[in-house]
Amino acid sequence: MPTAGAGSLPTGPLPTGPLPEAAPRPVPAPPVLTSVPAPPPVPLAKQTYVPTPAHSPAPTPISVPLLPPELDGVQAKPRHGESAARRAGRALRRVFASSTAAETEALTRAAHAIQQPVTTGRQLAVSSIRGGAGKSTVAALLALTYAHYRSDPVLAVEADPALGTLPHRLGAREVRWSGTDLAQIVGPDMLITDLTGYLLPFTGGGWLLPGSQGAIGTRLDLDTYRTVMTSLRRHFATTVVDCETLPAEVARTALVTTQARVLVTPATVEGVLATKSVLEWMGGVHRGLLPTCVVVLNHTSPDGGIDVRKAVEHLGAGGAAVLPLPYDRHLAGGGAVRTELLGERTREAAARLAAEVMDRAVSRGAGRQRQV
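Residues numbered from 1 in each chain as written. Predicted model: local features only at pLDDT ≥ 70, side-chain atom pairs only at ≥ 80, totals over all residues. Heavy atoms only, no water.

1. Observations concerning the overall build of the protein
Quick note on the threshold: Helix and strand definitions follow DSSP, with helices as H or I runs of at least four residues and strands as E runs of at least two, each counted in order from the N terminus. Only protein chains enter the calculation, and the probe is 1.4 Å; a residue is then buried if its accessible area is under 20% of its type maximum, exposed if over 50%, and partly exposed in between. The criterion used for residue contact is that any of the two residues' heavy atoms lie within 4.5 Å. In this description, accessible areas are obtained by the Shrake-Rupley approach with a 1.4 Å probe, and a residue is regarded as covered only by the protein chains that are shown.
The helix and strand inventory of the protein stands at 12 helices and 10 strands. Expressed as a percentage of the 372 residues in the protein, the buried residues total 42%. Sequence-distant contacts in the protein: of pairs separated by 6 or more residues, those separated by 24 or more amount to 79%. On the protein, roughly 21,400 Å² of surface is accessible, and the fraction owed to carbon and sulfur atoms is 58%.

2. Quick look at the confidence of the model for the protein
Note: predicted coordinates in regions of low pLDDT should not be interpreted at a detailed level. Put simply, the rule is: Per-residue confidence from the prediction method is given by pLDDT, with values spanning 0 to 100.
Considering every residue of the protein, the mean pLDDT works out to 80; 74% of them sit at 70 or more. Mean pLDDT in the protein bottoms out at helix α1 (residues 84-96), which sits at 66, and peaks at helix α3 (residues 135-149), which reaches 97. Long-range and interchain partners of residues 30-36, a stretch whose pLDDT sits below 50, account for zero contacts in this model, where long-range means more than four residues apart. Low pLDDT, under 50, characterises residues 366-372; the predicted model gives this stretch 24 contacts beyond four residues in sequence or across chains.

3. Considerations on the nonpolar core
Formally: Take the buried residues of types Ala, Val, Leu, Ile, Met, Phe, Trp, Tyr and Cys, join any two whose side-chain atoms come within 4.5 Å, and each joined set is a nonpolar core.
Counting 43 residues, the largest nonpolar core has Tyr225, Leu232, Leu263, Leu279, Met282, Val295 and Leu297 as the members making the most contacts within it. Elements with a minimum of two residues in this core: β3 (154-159), α5 (179-183), α7 (222-232), β7 (238-243), α8 (249-257), α9 (269-285), β9 (293-298) and α10 (308-315). Residue contributions to this core peak at five residues, all from α7. Ranked by size, the runner-up nonpolar core spans 42 residues in total, among them Ala113, Leu124, Ala172 and Ala260.

4. With respect to the pattern of salt bridges
In plain terms, the rule: Salt-bridge detection follows one rule: a side-chain nitrogen of Lys or Arg within 4 Å of a carboxyl oxygen of Asp or Glu.
All chains considered together, the criterion is met by six salt bridges. For Lys135, the salt bridge identified is with Asp160, shortest N-O distance 3.1 Å. Of the two residues, Lys135 sits in helix α3 while Asp160 sits in the loop between β3 and α4 (166-169), which places them 25 residues apart along the sequence. Residue class for Asp160 comes out buried when judged on its relative accessible area of 15%. Between Arg150 and Asp152 there is a salt bridge, with its nearest N and O atoms 2.9 Å apart.

5. Describing unusual backbone geometry
When glycine is set aside, most residues are seen to have a negative phi, and most peptide bonds are trans. Note that the residue after Leu246, namely Pro247, is joined by a cis bond; omega there is 10°. Along the chain, the position of Pro247 falls in the loop between β7 and α8.

6. Concerning a nonpolar patch on the surface
Under the convention used in this document: Every patch collects residues that have over 30% relative accessible area and no salt bridge, joining them within 9 Å if they carry like charges and within 5 Å if they are nonpolar side chains (Val, Leu, Ile, Met, Phe, Trp, Tyr).
Judged by side-chain polarity, Val256, Trp281 and Val285 come together as a nonpolar surface patch covering roughly 240 Å² of accessible area. Among the structural elements, Trp281 can be located in helix α9.

7. Comments concerning the packing of aromatic side chains
Applicable threshold: Aromatic rings from Phe, Tyr and Trp, taking only the six-membered ring of Trp, are treated as a pair when their centres fall within 6.5 Å; an angle between ring planes under 30 degrees marks them as stacked, one over 60 as edge-to-face, and anything in between as tilted.
One pass over the structure, following the stated rule, counts one aromatic pair. Ring geometry for Trp177 against Tyr198: centres 4.7 Å apart, planes inclined by 85°, an arrangement best described as edge-to-face. Placement of Trp177 in the loop between β4 (174-175) and α5 and of Tyr198 in the loop between α6 (192-195) and β5 (200-202) is noted, with a sequence separation of 21 residues between them. When its relative accessible area of 13% is taken as the criterion, Trp177 is described as buried. A relative accessible area of 24% means that Tyr198 is categorised as partly exposed.

Below, the structure written as structure tokens:
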């Protein structure tokens, strides 16, 4: 007969009567909670903030020379803006005439206007209705003039990336970071010392942000332009923007969002006629645009083809200032603008232009138009 194992059910009759009471089970005592001291705070000087990028960082661009090696030596030796005979005649007139004091006073007034303080960054758009009007040349002259006279940071932005000439005019030899590249990394926590590492210095202490590396077909979209201009405004007291020719989208946006605008037109009948149409369009967009606009009559040849005073009356009827820029051999030769080689009339005209633009950018209205 098999024996019941430990795991077998019991056999036989079940026991009768009351069941024996089970012995009470001991209840464990609650655990004693002991306080753990918090770690000491880390001093602020030792804390390290590592920002988490919203997207993978863009690759670092490589430097590209503005002129390839095979074009070295193509640029002719820069000439002085005025001929030797003209400079000698001007020196003689200074000896025997009494106009020196008046010229000095005019330049002093212009310097005071250029150096007037600003509470927020002033952004100045430079555009034209057609290519070849001298838009980038005027933008470079303004940037160099502001960098010379002002002690606060000055920035030149190339918003005309398709083979623009502003880097050439400001003496850059190579281009690395463009506006499109900077828009991907710029942030509100960046200091000006962080930003200048992505910019190119130019004569006088100013900074340049190129639009591209010279690639054909390069475009600057509106969102990129807005990101860059909004982020950089608080760091630079004066920003000169070399825009695309009208009616490009970025150029139209710059005309209506900056504090002053400069329209460059060749000193020809066709140029005056086209610029008049732009001024009428601006007046229709907002009546406050014309009082903050300055038209530059750029003489690109030594022989003027228009009556300057009549052109000034025609273009200035709506409230815009109209200033001529005389022909200058140094500017006409292309390449980097060297202020020491500019003709004296050109330097004076650049100072008057910079003063007029700053006046209108600060006052946001019609300033005192300077004598032609």
